[in-house]
Amino acid sequence: VGGFLGVVMKTGAIHAGISNVIRKLNGREKRLIPILMILFGLGGTTFGMWEETIAFFPLLIPIFIAAGYDSLVAVAVILLGAGMGTLASTVNPFATGIASGFANISMGDGILVRLAMLVILEAIAIWFVMAYAARIKKDPSRSYVADTMGKHQKLLSELNDDQKSGEEVILTRGQKWTLTLFALTFLMMIYAVIPFEEIGVPFLPTLGWWFPELSALFFTAAIIIGLCARLKEDELTDSFVNGAADLLGVAFIIAISRGITVIMNQGLITDTILHWGESFLTGVGSITFSFSIYLIYLVLSVFIPSTSGLATLSIPIMAPLGDFAGVGRDIVITAFQSASGLINLLTPTSAVIMGALTLGRIPYNQWFKFSWKFLIYVFLISVGIIMLSTIIF
């Protein structure tokens, strides 16, 4: 992805495209926030769009900076938009699907509860991000990352030069082709990872692509775009290598974050915590059970950020315990995926969180300061919905 973006940036199409987008929006940039967050939320709730979001950060961060916001707004639009979708997964086969299979129930069980949770939490997330964006637009000094915005200075100075000159940046024919291929590459990525058969859309073929195939997609697209833009051989290869180098730090961060999970699993620490949870839940009442299992999944999700991995390890144990407590297995699944989705927005063991913050040049402590109040709201609302559904159903 880094190499692909490096080639696209070399053509000048991104810079020209951003200038044109900002000019056409003409003060209506805030409309991007709800539109994009809803789209990312739909991706999260349908096919678990989370790791795939990494490709969008280098694209959207410059757009929001050019619109007068900071990099934190761009990161929050993606993380909180997609995060609320995965937290309230309705038909996500990698969370709800796998968990339902181990619980021996239909993926449709509990879908109305999860749909209500999705609508409520996505709306609150949009309000939260828009409120912060409006505040820093009015007073940039109130930005949580005001001290680090200088790292984006090159982009800011280029865009400011465009505005001062008063000249309209015209997209050349070659740049228009580049942006078209650029958009098609991302659309292909989204289509290729959606498991249509598993979410009830059998008339569209499921490609089942993942990181190897997506790497080949971005590599091939980089070459095609370079050739269409008539880049010289050394320009194409140098821009690809330099773009890949820009994301090398992100790759190391992701590997280190994943390493924590590997150590926890190989050292049987995760199994010990799971055993304690099983012992704690035995014999409790339905309300206490629904609240307690949410808390247990909050702890487990720190050590197992992967929703599919957590479902595989825990649901065969936790779902039958719900039967003895009088709690439906669908409620156990809702507690599992909402707790996991909440923690994955904060834990430093989440590769996506750490990668996104690295790309946005946002210190982790600033992300914590920005998001902790919102995540408390998410915790209270999701727990409330789960306990209410325990009483009703």
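Now for a look at the structure at hand. Everything quoted here is computed from the prediction, not taken from an experiment. All residue numbers refer to positions counted from 1 along the written sequence of the respective chain. Since the coordinates come from a predicted model, pLDDT governs what is reported: local features require at least 70, and pairs of side-chain atoms require 80 or more to be given and counted, while whole-chain, interface and lining totals use all residues. Hydrogens and water are ignored here; the side-chain numbers use all heavy atoms of the structure.

In DSSP terms, a helix is any run of H or I states spanning at least four residues, a strand is any run of E spanning at least two, and both are numbered starting from the N terminus. Per the secondary structure count, the chain includes 18 helices and zero strands. Atoms counted for the radius of gyration: C-alpha only. Globule rule: 2.2 Å times the number of residues to the power 0.38. Relative to the globule expectation of 21 Å for 393 residues, the C-alpha radius of gyration of the chain, 22 Å, shows essentially globular dimensions. In terms of principal-axis extent, the alpha carbons of the chain reach across some 70 × 45 × 40 Å. Buried means the residue's accessible area, taken with a 1.4 Å probe over protein chains only, is under 20% of the maximum for its type, while exposed means over 50%, and partly exposed covers the values in between. Among the 393 residues that make up the chain, the fraction classed as buried is 50%.

This part is about the environment of I386. Locating I386 in the fold gives a position in helix α18 (residues 364-392). In this structure, the C-alpha to C-alpha distance between I386 and R114, residues 272 residues apart in sequence, is 9.3 Å. Setting aside its immediate chain neighbours within four residues, I386 contacts M117, S290, Y294, I331, T334, A335 and S338. Contact criterion: two residues are considered in contact whenever any of their non-hydrogen atoms come within 4.5 Å of each other.

What follows is about the packing of helix α14 (residues 286-303) against helix α15 (residues 307-325). Comment: axis = line fitted to C-alpha atoms, over the contacting stretch for helices; angle = value between 0 and 180 degrees taken between N-to-C directions. Closest axis-to-axis distance for the α14/α15 pair is 11 Å, and the angle between their directions is 170°. It follows from the interaxial angle that α14 and α15 lie roughly antiparallel. Contacts between α14 and α15 involve S286, F289, I293, I296, Y297, L300 and S301 from the first element and L310, S314, I315, M318, L321, G322 and A325 from the second. Its residues placed into classes, the contact of α14 with α15 shows ten nonpolar, four polar and no charged. Here roughly perpendicular refers to angles of 65 to 115 degrees, roughly parallel to angles under 35, roughly antiparallel to angles over 145, and oblique to all remaining angles. Three residue categories are used. Nonpolar comprises Ala, Val, Leu, Ile, Met, Phe, Trp, Tyr, Cys and Pro, charged comprises Asp, Glu, Lys and Arg, and polar comprises the others, including Gly.

Okay, the nonpolar core next. What makes a nonpolar core is a set of buried Ala, Val, Leu, Ile, Met, Phe, Trp, Tyr and Cys residues whose side-chain atoms join them at distances within 4.5 Å. F4, V73, L79, L80, I315 and W367 are the most contacted members of the largest nonpolar core, which totals 112 residues. Among the elements that make up this core, the one with the highest residue count is helix α5 (residues 71-87) (twelve residues).

With respect to the secondary-structure elements, T390 resides in helix α18. Assessed through its relative accessible area of 9%, T390 is described here as buried. As used in this structure description, the phrase polar contact means that two N or O atoms lie within 3.5 Å; if the pair is within protein, one of them must be able to donate a hydrogen and the other to accept it, and residues adjacent in sequence are counted only when both atoms belong to side chains. One polar contact links the side chain of T390 to the main-chain carbonyl oxygen of I386, over a distance of 2.8 Å. Filtering out sequence-adjacent residues up to four positions away, T390 remains in contact with S286, I287, S290, V327 and I331.

Next up on the list: a nonpolar patch on the surface. In this scheme, patches are assembled from residues that exceed 30% relative accessible area and form no salt bridge. Like charges are connected within 9 Å, while nonpolar side chains (Val, Leu, Ile, Met, Phe, Trp, Tyr) are connected within 5 Å. Accessible surface area values rest on a Shrake-Rupley calculation with a 1.4 Å probe, where residue burial reflects the displayed protein chains alone. A pair is scored as a salt bridge if a Lys or Arg side-chain nitrogen falls within 4 Å of a carboxyl oxygen belonging to Asp or Glu. Taken together, I287, L388, I391, I392 and F393 make up a surface patch of nonpolar side chains, about 550 Å² in accessible area. In terms of residue count, α18 provides more of the nonpolar patch than any other element does, three residues in total. Relative to the helices and strands, I391 resides in helix α18.

One way to put it is that α14 packs onto α18 with a least axis distance of 9 Å and a crossing angle of 145°. Here α14 and α18 pass one another in a crossing that is right-handed. Of α18, the residues touching α14 (which contributes S286, I287, S290, F291, Y294, L295 and L298) are F379, S382, V383, I386, M387, T390 and I391. Residues of the contact of α14 with α18, tallied by class, amount to ten nonpolar, four polar and no charged. Should the near helix be turned anticlockwise from the far one by less than a right angle, the crossing is termed left-handed; should it be turned clockwise, right-handed.

Even without being glycine, R230 reaches a positive phi, approximately 60°. As for its placement among the helices and strands, R230 is situated in the loop between α10 (211-228) and α11 (233-246). Classification of R230 as exposed rests on a relative accessible area of 76%. Positive phi is not limited to glycine here, since R361 has a value of about 55°.

As a further point, take the packing of aromatic side chains. The rule is short: rings of Phe, Tyr and Trp, with Trp giving its six-membered ring, pair when the centres are within 6.5 Å, and they are stacked under 30 degrees, edge-to-face over 60, tilted in between. Tallying each qualifying case throughout the model produces 17 aromatic pairs. With centroids separated by 5.8 Å and ring planes inclined at 70°, the aromatic side chains of F186 and F218 adopt a geometry described as edge-to-face. Here F218 lies in helix α10 and F186 lies in helix α9 (residues 173-193), a separation of 32 residues in the sequence. The residues F186 and F218 share a single accessibility class, namely buried.

Before going further, it helps to spend a moment on helix α3 (residues 32-47). The end-to-end C-alpha separation of α3 is 22 Å, in line with the 22 Å expected for 16 residues at 1.5 Å each. Listed as buried for α3 are I33, P34, L36, M37, F40, G41, G43, G44, T45 and F47. Elements that come into contact with the buried residues of α3 comprise α4 (57-66), α5, α6 (93-103), α7 (111-138) and α9. Just beyond α3, the residue with positive phi is G48, at close to 70°. In this analysis, the expected span of each helix is defined as 1.5 Å times one less than the number of residues it contains.

Once that is clear, we can look at the environment of T206. Position of T206 among the secondary structure elements: in the loop between α9 and α10. For T206, a relative accessible area of 30% puts it in the partly exposed group. C-alpha of T206 to C-alpha of A123: the two residues are 83 residues apart in sequence and 31 Å apart in space. In contact with T206, other than residues within four places in its own chain, are I194, P195, F196 and E197.

Right, let's get into the side chain of S350. With respect to the helices and strands, the residue S350 is situated in the loop between α16 (329-343) and α17 (351-360). Overall, S350 belongs to the buried group, its relative accessible area being 2%. Here N344 takes part through its backbone oxygen, which lies 3.4 Å from a polar atom of the side chain of S350.

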